[in-house]
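Descriptive analysis of the structure
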Amino acid sequence: MYISIHRYSKFNVTIQTDQKKARGDTDRSNGRPTVSTNRSRERPRRKKKRYGERLAETLIRAVSFTSFAIIILIFAFVFREATPLFFPPAQQTVTTEDLQQETYGDDESLSTNETIEEGRKRSTSIETAGGEADFTLDNLLGDEWQPVSAYPKFGILPLIIGSFKVTIIAILFGAPIAILAALFTAFFAPRWLREILKPTIEFLSGFPSVVIGFFALVAIASIFQNIFGYEYRLNSFVGGIALSLAAIPIIYSVTEDALSSIPKYMTEASLALGATKWQTALFVVLPAATPGVFAALLLGVGRAFGETMIVLMATGNAALMSLDIFKPIRTMSATIGAEMAEVVFGDTHYNVLFFIGSVLFIFTFALNAVAEFYVRNKLQKRFRGAA
Amino acid sequence: MNRKIFGASFVLASAASAAVIVAVILIFMITIMIGGWDHLTWEFITAAPEEGMTAGGIFPAIVGTVLLVLLMSLAGVPIGTITAVYLSEYANRNSIFTKMIRFAVNTLAGVPAIVFGLFGVGFFIQFVGGGMDSFLSGTGEVHWRQGNILWASLTMALLTLPVVIVSVEEALRSVPGDYREGSLALGATKFQTIVKIVLPNAYTGILTGTILAVGRGAGEVAPILFTGAAYYLPHLPSSLSDQFMQLGYHLYIMATQSPDVEATLSIQYATAFVLLVLTFLLNFAAIILRSRLRARAR
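Residues numbered from 1 in each chain as written. Chains lettered and ligands numbered in written order. Predicted model: local features only at pLDDT ≥ 70, side-chain atom pairs only at ≥ 80, totals over all residues.

**Comments concerning the interface of chain B and chain A**
Facing the 71 residues of chain B at the interface are 76 residues of chain A. Of the residues forming the side of chain B that touches chain A, the biggest block, 16 residues, is contributed by helix α1 (residues 2-37) of chain B. Of the residues belonging to the side of chain B that touches chain A, the class tally is 50 nonpolar, 20 polar and one charged. (Contact = placed C-beta atoms within 7 Å. Helix = DSSP H or I, 4+ residues; strand = E, 2+ residues; numbered from the N terminus. Nonpolar A, V, L, I, M, F, W, Y, C, P; charged D, E, K, R; others polar.)

**Topic: the confidence of the model for chain B**
Per-chain confidence: chain B averages 88 in pLDDT, with 98% of residues scoring 70 or above. As a predicted assembly, this complex carries a pTM of 0.82 together with an ipTM value of 0.91. (pLDDT = per-residue confidence, 0-100.)

**With respect to helix α14 (residues 277-288) of chain A**
For α14 of chain A, spanning 12 residues, the distance from its first C-alpha to its last is 15 Å, which sits close to the expected 16 Å at 1.5 Å a residue. Of all the positions in α14 of chain A, only Trp 278, Ala 281, Leu 286 and Ala 288 of chain A are classed as buried. Summarising the axial view, the buried residues of α14 of chain A lie within an arc of 140 degrees, below the 170-degree limit, and thus occupy one face. For α14 of chain A, exposure combined with an orientation more than 90 degrees from the buried face picks out Phe 283 and Pro 287 of chain A. Taken together, the buried residues of α14 of chain A touch α9 (157-188) and α13 (264-272) of chain A together with α1 of chain B. (Expected span 1.5 Å × (residues − 1). Buried ≥ 20, exposed ≤ 12 C-beta atoms within 10 Å, placed from the backbone. Arc of directions from axis to C-beta.)

**Points about helix α9 (residues 203-219) of chain B**
Between its first and last C-alpha, α9 of chain B extends 24 Å over 17 residues, near the 24 Å set by a 1.5 Å rise per residue. Within α9 of chain B, 14 of the 17 residues are buried, which leaves the element mostly enclosed by the surrounding structure.

**Here's the deal with the environment of Val 343 of chain A**
Residues and elements named next belong to chain A. Checked against the element boundaries, Val 343 lands in the loop between α17 (332-339) and α18 (348-386). In this structure, the C-alpha to C-alpha distance between Val 343 and Phe 224, residues 119 residues apart in sequence, is 35 Å. The contact partners of Val 343, leaving out residues within four places of it in the chain, are His 349, Tyr 350 and Leu 353.

See the structure below:
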């Protein structure tokens, strides 16, 4: 058997690599001894082919590194544009009155190259004392967001509050519905209904967020205003409800998967002990799937927190510091979306927007990391321990 | 007795929740459909906006969207497919490199769309575009250092990369191991096996991934807000350095920035309807393909 394989060196190579992948696969362990004995007898022509093979693998490996490289690049480039706020260069690009007036005079001409070039020349030519940099940092943590004014204020506190407010509303409204619907799909619904329900609700995740935002703007806002009779048509409540439409399919889908992945013997044992179906669902399955539900919530929060178009269209976009849910808000993502197109490159405002982007990125990155490592490990351990 | 009531109401509440979600989806679609139905004519789809976007059609926006997703797929699908090939065929499950890539793919899927937009500005426009300008012309003329369809579609390609990777990898894994072993046993190398046996057998999955990515890319607006989408253009984009109109961006502009929002409401509904139908069809096609794929895997 070995001898016949020996002649075809190609084959041995593939067995070797295959084996590397399938290590632990006990029924394939006979390939190994042939590899080492054969290598010395390689003829040059064969070797060439192996180089080609190795080259292909290296290239594929290199391309697959792209995803990781992109994450690094996002870190590097989004943060890079925000750093001048904290490490001001010798020639600080602080915005001054005349610069503001010139660049914000008319929106349309902003995109033309002349203005940008001119603005950049001007902003680099303005020298300021070191004291001005502290002013920016203090300014950043202030409670007023007025980037376009004689004395621009870049307080991101109202934006952070706005983001959290709308996310909390969306999750408080969306999560119970999504989790209950997932329980219904996984346990109580008859099979035919389940086959319809799951794709239908997951289908909602394919809705473009701009269309959800539009729906909130023209329909939800008016309906709610009629019901609750609040003053501002667009506010954090409307935005939160619209946002829950984006968060619900994710929470639902991940929760449903977690519930369905609970081993059958757990539900069967519970039912055999005389528990009813709903008792089993509520006291056996849901606790067992808690890490999965938690992951679903984290993903839902991440989705809601980073969403731009819905909040941009449905929350009124006024940077108010208020806990009243019927007041308009301005979120971090919406601020970037609304203002980025109109800022001057290298301007403080530009840097602040990138800083907000960095905060958004770090926050969602942390959420994903927690969902990825902590929750998954816990879920796996729990089942490994049980099984 | 109390318990029974609680149990019944619990089941009822869960059923009601599912019903509420489905009802909202239906109301959503019906509202958009009714609002846009009257305005949705063949002319609306094939004509350019007129009279300061208060009349006419959305043809340039449709063309822009199609071009955007085409360029996006050209850039993103090969990279996504190769990454999936690596993860499914070459990767050692426990190596740090593989874990790094998996973590990156998962993270990438969770990065907010608007951050991709910022990245597009910081990296593609300022860094790459600025570099190309100073390298190619050297005269200080701004040609690449501004939003255009190339930068927008590359930004979108990054956003949709995880979608492609996940679907293609699933498809590759559904190709039976016997096929690979048969090919290897006949003397084909690993690379030959992948190119001639594994990939052709996984084409449905590659197609599914592409369609899902296109559906996502056609609907996202945040990444292109400042990487190349234009408010209004009198002509269609003709080169990679042109700006473009896009359906979602068009809807956003019409609904929030237009001087007379009420007058154009039916245009907005019709635009939303077209966008919704487009993504609906794409997602539906992907679901059908995927269920066929899964049926075969079983």
